[in-house]
Amino acid sequence: MRPVVVLGSLNMDLTLAVDRLPQAGETVLGGALRTTPGGKGANQAVAARRLGAAVRMVGRVGADAFGQSLRRGLAAEGIVSDSVTVDPRSPTGAALILVDPQGENQIAVAPGANGAVDGADVERALAALASDGVLVLQLEIPLTAVAAALTAPRPAGAIAVVNAAPATRELDPLLDRIDVLVVNESEAARLSDTAGAGRSGAHQAGARLRQRGVATVVITLGAGGAVVVDAEGPRWEPAPTVRAVDATAAGDAFVGALAAGLAAGRRPRDLLAFANAAGAVAATRPGAQVSLPGLHDLRELVDTSWAQA
């Protein structure tokens, strides 16, 4: 299996369950506050690792208790984390998450040390990337670092996967450097200047983004499944029906599963069912990294025999 290198964010998540998400200016009371490891980069690294990939995490944490805890957690998962730098000038990133009974959430992030990721971190990530490796990026680190990683020479055959979250049009000049772009409906609409919804909207957004240079576009539709648009055209795959309790890391589970599948040599269009199943299982559990599934969790939903070869 090819190696997966994740260059991205590491956060400590502070999660509060509430009866309903607050409106602007409103205060709501919640239950017990949960402190769990998160950050889109670290979540995706853990997701890929639990689904069988060999993973290296590259990023930054602060010289504080949260940072120590996050590094220990990665090591416990079997993720190579010696490229997670301790930044003495910034605190570890943190996310404040509100979750309602239907599993919908509101999230605000304090980047902390994630905002200090720079060219040195990019060099570490690229140095670890093999000729057949998979590089996974998100946008919770500075766009300058993402741009450096995408524009620098990378080993022939290496695949660059970008989860454009949070979405920004500043990514436009880099679209032709992306092999696989993963976005949700709203992110796809923002990046493509389209307003369609559902499968037809995803087809339109994917086609527009391919015109702008992306090789393969994957658009997640939540309970509506996912769409891939590549050189062979659009393809839709439904999601399993589950009882969602917390969607916090469902998207990260999807991206991690996609990365693990790419590392196993499979094409994005053939990985939608696998990635949908990972996202669905994650949504049935509270928390971020603690909710991410292993292969054994997906066997009742999808064929995983290829991932164990």
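As the structure is a computational prediction, the values presented were derived from the model and not from experiment.

**Let's talk about the sheet that holds strand 11 (residues 216-220)**
- Within the open sheet, the 9 strands sit side by side as 5-4-1-8-9-10-11-12-13. Their pairing is mixed. The sheet is open, and its two edges are formed by strand 5 (80-87) and strand 13 (233-237), each paired on a single side. Taken pair by pair, the neighbouring strands of this sheet meet at an average axis angle of 15 degrees, ignoring direction.
- Two strands pair when backbone bridges link them, and strand 11 and strand 12 (residues 226-230) are joined in this way by 4 bridges, in the antiparallel orientation. Bridge assignment links threonine 220 to a residue of strand 12, and that residue is alanine 226.
- Helix 4 (residues 143-151) rests against strand 1 (3-7), strand 8 (134-138) and strand 9 (159-163) of the sheet, and its axis sits at about 155 degrees to strand 8.
- Packing of helix 5 (residues 185-192) onto the sheet brings it into contact with strand 10 (180-184) and strand 11, and relative to strand 10 it is tilted by some 115 degrees.

**Details of the sheet that holds strand 2 (residues 11-18)**
- Reading across the sheet, the 4 strands line up as 3-2-6-7 and stay open at both edges, with mixed pairing between neighbours. Strands at the two margins of the open sheet, each flanked by one partner only, are strand 3 (30-38) and strand 7 (105-110). Put simply, the sheet's adjacent strands are angled 20 degrees from each other on average, direction ignored.
- With 7 bridges joining them, strand 2 and strand 6 (residues 93-99) adopt parallel strand pairing. Looking at the pairing, alanine 17 lines up with valine 99 of strand 6.
- Strands in contact with helix 2 (residues 65-76) are strand 2 and strand 3; relative to strand 2, the strand with the most contacts, it is inclined by about 95 degrees.

**Considerations on unusual backbone geometry**
- Backbone torsion omega between alanine 165 and proline 166 reads -5 degrees, so that peptide bond is classified as cis.
- Within the chain, aspartate 193 stands out as a residue other than glycine whose phi angle is a positive 60 degrees.
- Examined against the element boundaries, aspartate 193 turns out to sit in the loop between helix 5 and helix 6 (198-211).
- For aspartate 193, a relative accessible area of 49% puts it in the partly exposed group.

**Observations regarding the pattern of salt bridges**
- Applying the stated criterion across every chain, the model contains 20 salt bridges.
- Across the salt bridge formed by aspartate 87 and arginine 89, the nearest N and O atoms sit 3.8 Å from each other.
- Taking the relative accessible area as the measure of exposure, aspartate 87 reaches 1% and is therefore buried.
- Here arginine 124 ties to aspartate 121 by a salt bridge, and the two come within 2.6 Å at their closest N and O atoms. Residue arginine 124 and its partner aspartate 121 are both found in helix 3 (residues 119-128); the two are separated by 3 residues, about one turn of the helix.
- Of the residues examined, arginine 124 reaches a relative accessible area of 30% and is grouped as partly exposed.
- Here aspartate 121 falls in the buried class, since its relative accessible area comes to 0%.
- When salt bridges with common partners are traced through the structure, they connect Asp230, Glu232, Arg235, Glu237, Arg267, Arg269 and Asp270 into a single cluster.

**Considering the pairing of strand 8**
- The buried count for strand 8 comes to 5 of 5 residues, which makes it a mostly enclosed element.
- Burial along strand 8 is two-sided: Val134, Val136 and Gln138 and Leu135 and Leu137, pointing in opposite directions, are all buried.
- Where strand 1 and strand 8 come together, 4 bridges link them in parallel fashion. Counterpart to valine 6 in the pairing with strand 8 is valine 136.
- Inspection of the sheet shows strand 8 paired to strand 9 by 5 bridges, in the parallel sense. Looking at the pairing, glutamine 138 lines up with asparagine 163 of strand 9.
- For the handedness criterion, the β-α-β arrangement of strand 8, helix 4 and strand 9 is classed as right-handed.

**A few points about the packing of helix 5 against helix 6**
- At a closest axis distance of 9 Å, the pairing of helix 5 and helix 6 adopts a crossing angle of 40 degrees. Judged by the inter-axis angle, helix 5 sits oblique to helix 6. With respect to the hand of their crossing, helix 5 and helix 6 are arranged in left-handed fashion. Residues Glu185, Ala188, Leu191 and Ser192 of helix 5 form the contact with helix 6, whose participating residues are Gly198, Ala205, Arg208 and Leu209.
- Partitioned by chemical class, the residues of the contact of helix 5 with helix 6 number 4 nonpolar, 2 polar and 2 charged.

**Overview of helix 8 (residues 272-283)**
- When the terminal C-alpha atoms of helix 8 are compared, their 16 Å separation across 12 residues agrees well with the 16 Å that a helix rising 1.5 Å per residue should span.
- Counting buried positions over the 12 residues of helix 8 gives 11, a clear majority of the element.
- Among all positions of helix 8, only Leu272, Phe274, Ala275, Asn276, Ala277, Ala278, Gly279, Ala280, Val281, Ala282 and Ala283 are buried.
- In this structure, the buried side of helix 8 is in contact with strand 11, strand 12, strand 13, helix 7 (250-263) and helix 9 (295-298).

Scoring rules and cut-offs
- Every chain begins its residue count from 1, and numbering advances along the sequence as written.
- The predicted origin of the model limits local features to residues at a pLDDT of at least 70 and limits the giving and counting of side-chain atom pairs to 80 or more, whereas totals for whole chains, interfaces and linings rest on all residues.
- Heavy atoms throughout the structure, all of them, feed into the side-chain values; hydrogens and water do not.
- Here the rule is simple: two strands pair whenever DSSP picks up at least two bridges between them.
- The helix and strand labels rest on DSSP assignments: H or I over at least four residues marks a helix, E over at least two residues marks a strand, and numbering proceeds from the N terminus.
- Every axis in this analysis is a line fitted to C-alpha atoms, fitted for helices over the stretch in contact. Angles between the N-to-C directions lie between 0 and 180 degrees.
- Whether two residues are in contact is decided by their heavy atoms: any pair within 4.5 Å suffices.
- For each residue, the accessible area found with a 1.4 Å probe, counting protein chains only, is set against the maximum for its type, and the residue is called buried under 20%, exposed over 50%, and partly exposed in between.
- The working definition used for a salt bridge is a side-chain nitrogen of Lys or Arg within 4 Å of a carboxyl oxygen of Asp or Glu.
- By definition, the crossover connecting two strands over a helix is right-handed if that path, from the first strand to the second, turns clockwise as seen with the strands pointing away from the viewer.
- In these notes the angle categories are as follows: under 35 degrees is roughly parallel, over 145 is roughly antiparallel, 65 to 115 is roughly perpendicular, and the rest is oblique.
- Crossing handedness follows the turn of the near helix against the far one: under a right angle anticlockwise gives a left-handed crossing, and clockwise gives a right-handed one.
- Gly is placed with the polar residues, together with every amino acid not listed as nonpolar (Ala, Val, Leu, Ile, Met, Phe, Trp, Tyr, Cys and Pro) or charged (Asp, Glu, Lys and Arg).
- Every helix has an expected span of 1.5 Å times one less than the residues it contains.

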